[in-house]
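A closer look at the structure
Chain by chain, the residues:
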Amino acid sequence: MSPEQHDLSFIENRPANVAVQFKERVTASSHREAFRYPKGEGWESITWGETGDRVTRLAAGLLSLGIEPEQRVGIASGTRIEWILADLAIMSAGAATTTVYPSTISEDVSYILADSECRVVFAEDDTQVAKLREHKSELPHLAKVVVFEPGSGSAVADGDWTITMDDLEKAGQQLLDANPTAVDEAIAKIQPDALATLIYTSGTTGRPKGVRLRHSSWTYEGAAIQAQDILHEDDLQFLWLPMAHSFGKVLLSTQLACGFATAVDGRVEKIIDNLAVVRPTFMGAAPRIFEKAHGRIVTMQASEGGLKEKIFNQAFKVGLQVDRLKREGKPVPFLLAKQHALFDKLVFSKIRDRFGGRVRFFISGAAALNRDIAEWFHAAGVLILEGYGLTESSAGSFVNHPDDYKFGSVGLVFPGSEVKVGENDEVLIKGPGVMDGYHNLPEETASSLTDDGWLRTGDKGTLDADGFLTITGRIKDLFKTSGGKYIAPSAIESKFKAVCPYASQFLVFGSERNFCIALITLDPDAMTTWAAENDMEGASYTDIVQSDKVQAMVGGYVDELNSHLNRWETIKKWELLDHDLTVESGELTPSMKVKRNVVEENYKQRIDALYA
């Protein structure tokens, strides 16, 4: 279905603001499940009606604290049901949510809250409260902290500066008892172009920048998915993505528009366990999740060896062959189809069961997904639809459809938006999702938005005859060797992750040098399993990756990678780091993107040594 064929009435007649969109959903789906979340050993569920009641009380609580239209209210927390309730309450009070990752260091937390002039902050626990307390003198606007999980340190140390969610709800109920329409009155005043969210991009360089996103941007995002008929009321989402990231936020907008239920648990280490219990029909994720799952399945089969490994390998050989024939519109020979049916029962169904057995599709975003990994999963009957957008475009601008997709592409532009490829092959986007600009940064805004409203994405891309966009690299990441050849490092890096099931990060360098080199890290979980099978159980990660056996193994994978590259792209030298990159070290953003400039600076001597 092309963008011209979509039902644009959803977009044209969308609600005036997110709070109205939420109220309409509560009315339409009052008795249906809205959210479920972990409680003790099990899961607890709340309906849309119950969610509406809680959000109204919390919004009234914010009004009772004196919150005024478009004033900022922060949320410093991981993904959990309270994050969503707080966000909906903030927008229903006419205020604007400012997002803070729980992993953000206290100096950056202070900068974000001061730059945004946050009046109130929802904090997950004592760890987040401690960051606020450390910089309290630098936050003159911050009047109140609402704690999701108050520990012994919160209220004791701060008097009435910190309160609980229950305290806020009680204050809200008192206001509603005195004025039952207080929240409705606040919602009625919210204009479509009012500020709804201020998302500070962790960025790969410099200070975080606050991206100003309107209510009309979020209502558009939900309505655009609704218009494409991708998700429905009877779907069930599993949501673990950081809600401080625009990818998480756009899935909430989509839920309000489409009305499906969502199971919420931000603990990354519980994803696979949760999928088996929740049995969702779809989930959004960053490519790293699929890379890890692919690596884990492949290494588990390799460790079993023998007949099982042979069956597994033959299954994928057949699966990829059948898949290719179907995509090309060619018939599948009878014997091949019989083999495929057998392998589906023996191998592929077990892979699908790992994800709960009901997944219609996954949506991959936030970084580029390797095409080989997407095709590998598809051979097993697991569809990964890649999408694309930026925080600056409210996250969603392109997506592949369950019945219309091309691997390697990020799909078609959302109905109601436009795309063009400009100078230097830069992808430009225009539409209701595009930001107002950067908060307090007029020069940065002017360099990102053209005079006629196009957003410069900074990404290189190509559009095919059917309108499918393929991202070919980040403009500022491209480099030229001293031999004059251009290199797109991200394309090489994602190929290595598809080739090597133990890989965590693979970083290619070579700007103005006469050949390319790589810094490599391996996945600690995968290497623990490897060690147990190779007489190194209990050894440290450092000892494992420095062993001759691992060095030889990685060398083999680099050789395999090089066999798929142009001569000038090949990796001539490489080094295995003795630790993985982490968010905490500042080398990854919270959405798992590598901060290339930070890594290059941190390992400058090692990089230089590889060229010595």
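Residues numbered from 1 in each chain as written. Predicted model: local features only at pLDDT ≥ 70, side-chain atom pairs only at ≥ 80, totals over all residues. Heavy atoms only, no water.

1. Here we look at the nonpolar core
Counting residues in each nonpolar core, the largest one holds 125 residues, and the members touching the most others are Phe35, Leu62, Phe122, Phe316, Ile351, Phe355 and Phe377. At nine residues, the largest contribution of residues to this core is made by helix 4 (residues 81-92). Beyond its immediate stretch of four places on either side in the chain, leucine 62 contacts Ile67, Ala89, Ile90, Ala93, Val120, Phe122 and Leu168. Membership of the second largest hydrophobic core comes to 31 residues, among which are Met536, Tyr541, Val554 and Tyr557. (Core = buried A, V, L, I, M, F, W, Y, C linked by side-chain atoms within 4.5 Å. Buried < 20%, exposed > 50% of the residue type's maximum accessible area, 1.4 Å probe, protein only. Helix = DSSP H or I, 4+ residues; strand = E, 2+ residues; numbered from the N terminus. Contact = heavy atoms within 4.5 Å.)

2. Some details on the sheet that holds strand 7 (residues 162-164)
Spatial strand order, 7-6-5-3-4-8-9-19: eight strands in an open sheet with mixed pairing. Strand pairing shows two members of the sheet lacking a second neighbour, strand 7 and strand 19 (437-438), which therefore form its edges. One ladder, built from three bridges, connects strand 4 (residues 96-100) with strand 8 (residues 195-201); its direction is parallel. Of the residues in strand 8, the one forming a bridge with threonine 99 is isoleucine 199. (Pairing = 2+ DSSP bridges.)

3. Side note on the sheet that holds strand 11 (residues 261-264)
Spatially, 2-1-11-10-12-13-14-15-16 is the arrangement adopted by the nine strands of the open sheet, whose pairing is mixed. Here the strands that pair on one side only, and so sit at the sheet edges, are strand 2 (42-47) and strand 16 (412-413). Relative to strand 15 (residues 398-399), strand 14 (residues 384-388) runs antiparallel, the two sharing two bridges. For tyrosine 388, the partnering residue across the bridge sits in strand 15 and is phenylalanine 398. The sheet contacts of helix 4 involve strand 1 (33-39), strand 2, strand 10 (236-239) and strand 11, and relative to strand 1 the element is tilted by about 140 degrees. (Axes fitted to C-alpha atoms, helices over the stretch in contact; angles between N-to-C directions.)

4. Concerning the environment of methionine 435
Within the secondary structure, methionine 435 is located in the loop between strand 18 (426-430) and strand 19. C-alpha of methionine 435 to C-alpha of phenylalanine 238: the two residues are 197 residues apart in sequence and 27 Å apart in space. With residues up to four places along the chain from it excluded, the contact list for methionine 435 reads Val211, Arg212, Leu213, Arg214, Glu392, Ser448, Leu449 and Leu455.

5. Here's the deal with the environment of phenylalanine 260
Along the polypeptide, phenylalanine 260 turns up in the loop between helix 11 (246-258) and strand 11. Exposure remark for phenylalanine 260: the relative accessible area of 0% places this residue in the buried category. Phenylalanine 260 sits 226 residues away from alanine 34 along the chain, and the two C-alpha atoms are 7.0 Å apart. Leaving out residues up to four positions away in the same chain, phenylalanine 260 has contacts with Ala34, Trp48, Leu231, His232, Glu233, Asp235, Gln237, Leu251, Thr254, Gln255 and Phe282.

6. What to know about the pattern of salt bridges
Tallied over the entire structure, the rule returns 33 salt bridges. Here aspartate 265 ties to arginine 267 by a salt bridge, and the two come within 2.8 Å at their closest N and O atoms. Note that lysine 292 and aspartate 525 form a salt bridge whose closest N and O atoms lie 3.5 Å from each other. With lysine 292 in helix 13 (residues 287-304) and aspartate 525 in helix 19 (residues 524-533), the pair connects residues that are 233 residues apart, well separated along the chain. Through salt bridges with shared partners, one network takes in Arg288, Glu291, Lys292, Lys497, Asp523 and Asp525. (Salt bridge = Lys/Arg side-chain N within 4 Å of Asp/Glu carboxyl O.)

7. Describing the pairing of strand 24 (residues 503-509)
Judged by how many residues are buried, strand 24 sits mostly within the fold: seven of seven residues are covered. Bridge count for strand 24 against strand 25 (residues 516-522) is six bridges, and the pairing is antiparallel. If you follow glutamine 505 over to strand 25, its bridge partner there is threonine 521. The loop that links strand 24 with its antiparallel partner strand 25 comprises six residues; one of these, glutamate 512, has a positive phi angle of about 60 degrees.

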